[in-house]
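The chain contents come next:
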Amino acid sequence: MGQLRKYRRRITTVDVRMLSLAVLSMLLMLVQHSHHLLQLDADGDGEVDPTLGEEAALGLAVTQSGVTGLLLLLMLRYHHLQERISRTRRLLLHSCSSCPEESWSQRCVQRLYLIVEALVLLIHPMPSDVLPVQLEIFMWLRLYLILRVARDFSTVYVISYYNYDTPFSWSLTIKSWLHAKPATTVTSSLLLLMTFTAYGN
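Presented here is a report on the structure given in the accompanying data block. Everything numeric in this text was worked out from a predicted model, so none of it was measured. (Residues numbered from 1 in each chain as written. Predicted model: local features only at pLDDT ≥ 70, side-chain atom pairs only at ≥ 80, totals over all residues. Heavy atoms only, no water.)

Remarks on the packing of helix α2 (residues 54-92) against helix α3 (residues 104-122)
- With their axes 10 Å apart at the nearest point, α2 and α3 run at an angle of 165 degrees to one another. On the basis of their axis angle, the class for α2 and α3 is roughly antiparallel. For the pair α2 and α3, the crossing hand works out as right-handed. Contacts between α2 and α3 pair T68, L71, L72, M75, H79 and E83 from the former with R111, Y113, L114, E117, A118, L121 and L122 from the latter.
- Grouping the constituent residues of the contact of α2 with α3 by class yields 8 nonpolar, 2 polar and 3 charged. (Axes fitted to C-alpha atoms, helices over the stretch in contact; angles between N-to-C directions. Helix = DSSP H or I, 4+ residues; strand = E, 2+ residues; numbered from the N terminus. Parallel < 35°, antiparallel > 145°, perpendicular 65-115°, else oblique. Left-handed = near helix turned anticlockwise from the far one by under 90°. Contact = heavy atoms within 4.5 Å. Nonpolar A, V, L, I, M, F, W, Y, C, P; charged D, E, K, R; others polar.)

Encoded structure:
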């Protein structure tokens, strides 16, 4: 049990760091977007001025790529810890008939999840416009980390983490959030939706 507590502290720390970097990357994206709009017509003559602030644009793009690289490294650390946690739980509960071995299909699902998460984190405005600007909208998918961090600190998840027979339930978690802190939950959701809508406009 002590080993599980240690792993939970580590993986929660990784999640919080990933969320911090994801928020930083979103702020950088908004700055890059604003800078791009300024480049479009800097002198008000209705013509594109692509040379305006090229060094600043390159600096923002390189910083964004650096943050993305750190996110990918933390993601690998997260999945490594998840594997350690699964192995530890099986070792602790190997004598219990309710503790099944990890199947081939479960391992495939975990690998698929890792690939999808890596693709989500990889999408970002790169130096030299390697990717189309329109793809930056998919950077908002990085905010899935908000849900993962919220899950890490939820009572429902903590109970399911230490009790193999108690599966985690998102519906029960959301109900517990709405019951414990309804104003905070609704306000946070509305602010996130308004931010995304404002960016789209």
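Next comes the rest of the write-up.
A closer look at the side chain of T12
- Here T12 is to be found in helix α1 (residues 2-40).
- Within polar-contact distance, the side chain of T12 engages the backbone oxygen of R8 at 2.7 Å.
- Sequence-distant contacts of T12, defined by excluding residues within four places in its chain, comprise D152 and F153. (Polar contact = N/O pair within 3.5 Å; in protein donor to acceptor, adjacent residues only side chain to side chain.)

So, the packing of aromatic side chains
- Within this structure, the stated rule accounts for 5 aromatic pairs.
- Judged by centre distance (5.7 Å) and plane angle (85 degrees), the ring pair of Y157 and F168 falls under edge-to-face. In this pair, Y157 is assigned in helix α5 (residues 155-162) and F168 in the loop between α5 and α6 (170-180), connecting sequence segments 11 residues apart.
- Relative to W170, the ring of F168 lies with its centre 5.2 Å away and its plane at 80 degrees, an arrangement referred to as edge-to-face. (Phe/Tyr/Trp six-rings, centres within 6.5 Å; stacked < 30°, edge-to-face > 60°.)

Considering the nonpolar core
- Of all hydrophobic cores here, the largest spans 22 residues; its most connected members are V14, M18, L71, I85, L145 and Y161.
- Of all elements in the fold, only α1, α2, α4 (144-152) and α5 reach the threshold of two or more residues within this core.
- The biggest single contributor to this core is α1, with 9 residues.
- Once residues lying within four places of it in the same chain are set aside, the contact partners of L145 are M18, L19, A22 and L71.
- The next biggest cluster of nonpolar side chains, apart from the first, holds 5 residues, and it includes M29, M139, W140 and L143. (Core = buried A, V, L, I, M, F, W, Y, C linked by side-chain atoms within 4.5 Å. Buried < 20%, exposed > 50% of the residue type's maximum accessible area, 1.4 Å probe, protein only.)

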